[in-house]
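Coordinate analysis (summary)
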Amino acid sequence: MSYTGINLDDTLITPIKTMVEAGAVNISSGVLVVASLIAILDLIFSIFTGWSDNIGDLIIKLIQKLIRYSFTFMLINIYQELLDMSYKVFTKIGNSFGNGLGDPITVQNAYKTLEKEIMSFLQTGLEFESFWSLVYLVLFIIAFIFLIFVMFALVMAILQFYLVGNLAIIYLAFMPSETFSEIGKKTISAIIGAGTSLMVTVALVSMGTKILIDDFPFPTDIGVQNNEPQTFLTWISVFAVISFLIVSQDSITSMILTGNGGVTGGMLGSFVGGIVTTGGAAVGAIGKTITGIGKGAGGLAGGVK
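All values reported here derive from a predicted model rather than from experimental measurement. (Residues numbered from 1 in each chain as written. Predicted model: local features only at pLDDT ≥ 70, side-chain atom pairs only at ≥ 80, totals over all residues. Heavy atoms only, no water.)

**Topic: a nonpolar patch on the surface**
- A contiguous nonpolar patch, built from Val33, Leu37, Ile40, Ile44, Ile47 and Phe48 and spanning about 590 Å² of accessible area, is present on the exposed surface.
- On the basis of relative accessibility, which here comes to 41%, the residue Ile44 falls in the partly exposed class. (Patch = residues over 30% accessible without salt bridge, like charges linked within 9 Å, V, L, I, M, F, W, Y side chains within 5 Å. Areas by Shrake-Rupley, 256 points an atom, 1.4 Å probe, with all protein chains shown as cover. Salt bridge = Lys/Arg side-chain N within 4 Å of Asp/Glu carboxyl O. Buried < 20%, exposed > 50% of the residue type's maximum accessible area, 1.4 Å probe, protein only.)

**Brief notes about empty space enclosed by the protein**
- Applying the stated criterion across every chain yields a total of 1 cavity of 30 Å³ or more.
- Considering only enclosed or pocket space, the largest cavity measures out at about 30 Å³ in volume.
- Surrounding the largest cavity, Leu114, Val150, Val205, Gly208, Thr209, Leu212, Phe239, Ile242 and Ile246 form its lining.
- Sorting the residues of the lining of the largest cavity by element identifies α6 (181-215) and α7 (229-247) as the ones contributing at least two each.
- It is α6 that provides the largest number of residues to the lining of the largest cavity, a total of 4 residues.
- In terms of residue class, the lining of the largest cavity is made up of 7 nonpolar, 2 polar and no charged. (1 Å grid on protein atoms, 1.4 Å probe; cavity = no way out; pocket = protein on both sides within 12 Å on 5 of 7 lines; lining within 4 Å. Points joined across faces, edges and corners; volume = space filled by probe spheres on them. Helix = DSSP H or I, 4+ residues; strand = E, 2+ residues; numbered from the N terminus. Nonpolar A, V, L, I, M, F, W, Y, C, P; charged D, E, K, R; others polar.)

**Some details on the pattern of salt bridges**
- In this structure the tally under the stated criterion is 5 salt bridges.
- Between Lys17 and Glu21 there is a salt bridge whose closest N-O contact spans 3.1 Å. Of this pair, Lys17 and Glu21 both sit in helix α1 (residues 8-49), 4 residues apart, roughly one helical turn.
- Classification of Lys17 as partly exposed rests on a relative accessible area of 24%.
- Residues Lys185 and Glu182 are paired through a salt bridge, measuring 3.4 Å at the closest nitrogen-oxygen approach. With a gap of 3 residues between them, Lys185 and Glu182 both fall in helix α6, about one helical turn apart.
- For Glu182, a relative accessible area of 53% translates into the label exposed.
- Through salt bridges with shared partners, a single ionic network connects Asp42, Lys65 and Glu178.

**Looking at the packing of aromatic side chains**
- The full count for this structure, using the stated rule, is 11 aromatic pairs.
- Measuring from ring centre to ring centre gives 5.8 Å for Tyr87 and Phe161, while their planes differ by 50°; the resulting arrangement is tilted. Of this pair, Tyr87 sits in helix α3 (residues 79-95) while Phe161 sits in helix α5 (residues 130-167), placing them 74 residues apart in sequence. Neither Tyr87 nor Phe161 differs from the other in exposure class; each is buried.
- Taken together, a centroid distance of 5.8 Å and an interplanar angle of 45° make the contact between Phe244 and Phe271 tilted. Residue Phe244 is found in helix α7, and its partner Phe271 is found in helix α9 (residues 265-304); the two are separated by 27 residues along the sequence.
- Looking at Phe244, the relative accessible area reads 5%, which means it is buried. (Phe/Tyr/Trp six-rings, centres within 6.5 Å; stacked < 30°, edge-to-face > 60°.)

**Thoughts on the layout of surface pockets**
- By volume, the largest pocket is sized at about 300 Å³.
- In terms of lining, the largest pocket is formed by 16 residues, of which the most central are Tyr87, Pro104, Ile105, Thr106 and Tyr162.
- Elements that contribute at least two residues to the lining of the largest pocket include exactly α1, α3 and α5.
- Of the residues forming the lining of the largest pocket, the biggest block, 5 residues, is contributed by α3.

**A word on helix α2 (residues 55-77)**
- The end-to-end C-alpha distance of α2, which contains 23 residues, comes to 33 Å, matching closely the 33 Å that a straight helix rising 1.5 Å per residue would cover.
- Residues of α2 that are buried: Leu58, Leu62, Lys65, Tyr69, Thr72, Leu75 and Ile76.
- The inward-facing, buried residues of α2 contact α1 and α3. (Expected span 1.5 Å × (residues − 1). Contact = heavy atoms within 4.5 Å.)

**Here's the deal with the nonpolar core**
- Val107, Phe146, Met151, Ile158, Phe161 and Phe239 are the most contacted members of the largest nonpolar core, which has 63 residues in total.
- Of all elements in the fold, only α1, α2, α3, α4 (107-125), α5, α6, α7 and α9 reach the threshold of two or more residues within this core.
- Considering each element in turn, this core owes the most residues, 19 residues, to α5.
- The residues touching Phe239, leaving out its near neighbours within four places in the chain, are Ile118, Ala143, Phe146, Leu147, Val150 and Leu212. (Core = buried A, V, L, I, M, F, W, Y, C linked by side-chain atoms within 4.5 Å.)

This is the structure:
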């Protein structure tokens, strides 16, 4: 069996999605019962408190309430279908900004595409010796850490949508009552918030993937005879900015929804600095491991001699 990369869609997203959807289906009947009881109480209360000589006004008010009840019951019954439709709408809108995630939209599509480009770093680095091989190893590790951040930002946005969407169904039970309708509206607000976050993340990943593949692809004409590390550094810099924007999708989403948030150059510097430090530490650990293995092998050879 050939290696196809880390498939987070099958190993993480699908199991969690299946469980939360099953849980939402299980509690939907209870939510419907509670909503019915609240509707009955609200109707009785409205009849007693709204009774007047003008029977026409009361009838109009009761019709409005019956429409509200019916709409709530319908939402609860077709909630999963609406949630699936919302997921498709938000992801389609996000992916339309670059079509970098393919069709169907999966984490695996982005991972395989970006991993293929990043592995070119490793293949190029293996052609060098000594100092330059270490330079390209550092660049490869930094690029791979960026990839990990990108993939998990996308995974978390997808999981957040499914978790928030399916758990928020409980608030629909309060929709029939005018007094508690604001609680019921939290379901819609939650779906819009999680959906916007998903849309922003998909859009950023989609655009970033397209930029790195089509507009600024990894240079393939560089090797031992044509060593241009500055070209690799430029590619890494572009990838760093794209990764930072994706990881900062919460701040960008907040600015869209509330007008507050956003990202700054200082935040970018802190993010890149942390990644570079992590990459350097990883290379240092690898170097120590190789040195230790070398010493162990030397000692073993001496003992055998």
